[in-house]
Amino acid sequence: MKKVWKITLSILVLLIIGSLWFIYTPVDLRPPYLGNKIAEKDFTKGKALVKEIQNAYGGKENWLAHKTGTYLQTADWYEDKLGVANWDTIPQRFQMTAILGTDNAEFTLLNGPNKGQTWGVEDWTSFQKKKGQKIITPHEKYQHKLVYKNYWFQFPFRFSEAPIIAYAGERTVNGETYDLLYATWGSEAANRKYDQYVLYLDKQTKMLEWLNFTVREKANFLNITAQFTDFKTINGITVPFNQYISWGKPGEDGHKLHENRYESIQFGE
């Protein structure tokens, strides 16, 4: 009996250790092409690709010249069985105005229990707007949504803020071969603090069609993919009107988490 108890205890200890290792060890999205150390030629090629990407989307100078981007979006988390959406209602509709090149933005909620409320963030401080006046009001949930929704809207022009960017080889998804671009912070290898991005670029257009990324803020082991579709050009800037988010890498047919549908987008003050 004691032997059985010892074996059971040993198995439980191993399971706990394995679970802790899985939870705390950051998933590493670096494509095999990069190896353990990024070659200088791939840093050089990566910088050239950044320029090509931003030119394909309309050009960074042209984008910044508009100063603001305003859009109406429906964020649909389906049934949200995992309870991770953190919106007031599902789906959540809102209209956002982003100050291009910054994290500053504000949005008005268009449905749900707080319909009609306008919230914003300026220099990472949240505020509520009432009768045209900004009232500093701490609101962790809305501040998080504002910053991240703003960043993803500007992603083709903002990801280049990462200090580590390199060409990362090729990968074929659903019969199409893409150029890969790797971007991260802190260290080339995975770390617990900073996210990793692997951009899948159409070889001819240089448009971003797939993005494999981490969410270290939520969990080190998360490995998520965004697919971008329905590209349209607005005021000289090309944008995807649909974003589909799912578990795993591109082409793995992972469980679909949510989608962002842009109903309208406008650039300019």
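Calculation criteria
- Residues numbered from 1 in each chain as written.
- Predicted model: local features only at pLDDT ≥ 70, side-chain atom pairs only at ≥ 80, totals over all residues.
- Heavy atoms only, no water.
- Helix = DSSP H or I, 4+ residues; strand = E, 2+ residues; numbered from the N terminus.
- Buried < 20%, exposed > 50% of the residue type's maximum accessible area, 1.4 Å probe, protein only.
- Contact = heavy atoms within 4.5 Å.
- Areas by Shrake-Rupley, 256 points an atom, 1.4 Å probe, with all protein chains shown as cover.
- Lys, Arg positive; Asp, Glu negative; His and termini not counted.
- Charge placed at Lys NZ, Arg CZ, Asp CG, Glu CD.
- Pairing = 2+ DSSP bridges.
- Salt bridge = Lys/Arg side-chain N within 4 Å of Asp/Glu carboxyl O.
- pLDDT = per-residue confidence, 0-100.

Engineer: Which residues make up the overall build of the protein, and what are the values?
Structural biologist: Each helix and strand counted, the protein has five helices and 13 strands in total. Residues classed as buried in the protein amount to 46% of the 269 residues present. Within the protein, contacts between residues at least 6 apart in sequence are counted, and of these 51% link residues at least 24 apart. Working note: accessible area of the protein is about 14200 Å², and carbon and sulfur atoms make up 55% of it. Both charge centroids of the protein, one from 33 positive and one from 29 negative side chains, sit 6 Å from each other.

Engineer: Kindly report on the pairing of strand S12 (residues 237–247), identifying the contributing residues and their values.
Structural biologist: Of all eleven residues that make up S12, nine are buried, and the element is covered over most of its length. Two strands pair when backbone bridges link them, and strand S11 (residues 219–234) and S12 are joined in this way by ten bridges, in the antiparallel orientation. Residue pairing in the sheet places Thr-225 in a bridge with Ser-246 of S12. Counting the residues that bridge the hairpin from S11 to S12 gives two residues, and of these Asn-235 lies at a positive phi of roughly 50°.

Engineer: Before we move on, can you summarise the pattern of salt bridges with the specific residues and values?
Structural biologist: According to the stated counting rule, one finds 13 salt bridges in the structure shown. The salt bridge involving Glu-106 is made with Lys-129; its shortest N-O contact spans 3.2 Å. Residue Glu-106 is located in strand S3 (residues 105–109), and its partner Lys-129 is located in strand S5 (residues 125–130); the two are separated by 23 residues in the primary sequence. The exposure class of Glu-106 is partly exposed, given its relative accessible area of 21%. The structure contains a network of salt bridges with shared partners spanning Glu-170, Asp-179, Lys-203 and Lys-206.

Engineer: Residue-level account of the environment of Phe-157, with values.
Structural biologist: Along the chain, Phe-157 falls in helix H5 (residues 155–158). Residues Phe-157 and Gly-58 lie 99 residues apart in sequence; the distance between their C-alpha atoms is 9.9 Å. Ignoring any residue separated from it by four or fewer positions in sequence, one finds Phe-157 in contact with Gln-54, Tyr-57, Gly-59, Lys-60, Trp-63 and Ile-237.

Engineer: Can you lay out the pairing of strand S4 (residues 118–122) for me, pointing to particular residues and giving the numbers?
Structural biologist: The element S4 is extensively covered by neighbouring structure, given that four of its five residues are classed as buried. As judged from the four bridges shared by S3 and S4, these two strands associate in the antiparallel manner. Counted as the bridge partner of Thr-108 is Thr-118 from S4. Judged from the five bridges that link them, S4 and S5 form a sheet pairing that is antiparallel. Bridge pairing in S5 links Gly-120 to Phe-127.

Engineer: With reference to specific residues and values, describe the side chain of Asn-242.
Structural biologist: Of note, Asn-242 is situated in strand S12. Given the relative accessible area of 13%, Asn-242 is considered buried. Excluding residues within four positions of it along the chain, Asn-242 makes contact with Gln-227, Phe-228, Thr-229, Asp-230, Asn-260 and Arg-261.

Engineer: Which residues make up the confidence of the model for the protein, and what values do they have?
Structural biologist: Considering every residue of the protein, the mean pLDDT works out to 91; 90% of them sit at 70 or more. Low confidence marks residues 10–23, where pLDDT is under 50. Its contacts with residues over four positions away, or in another chain, come to three contacts.

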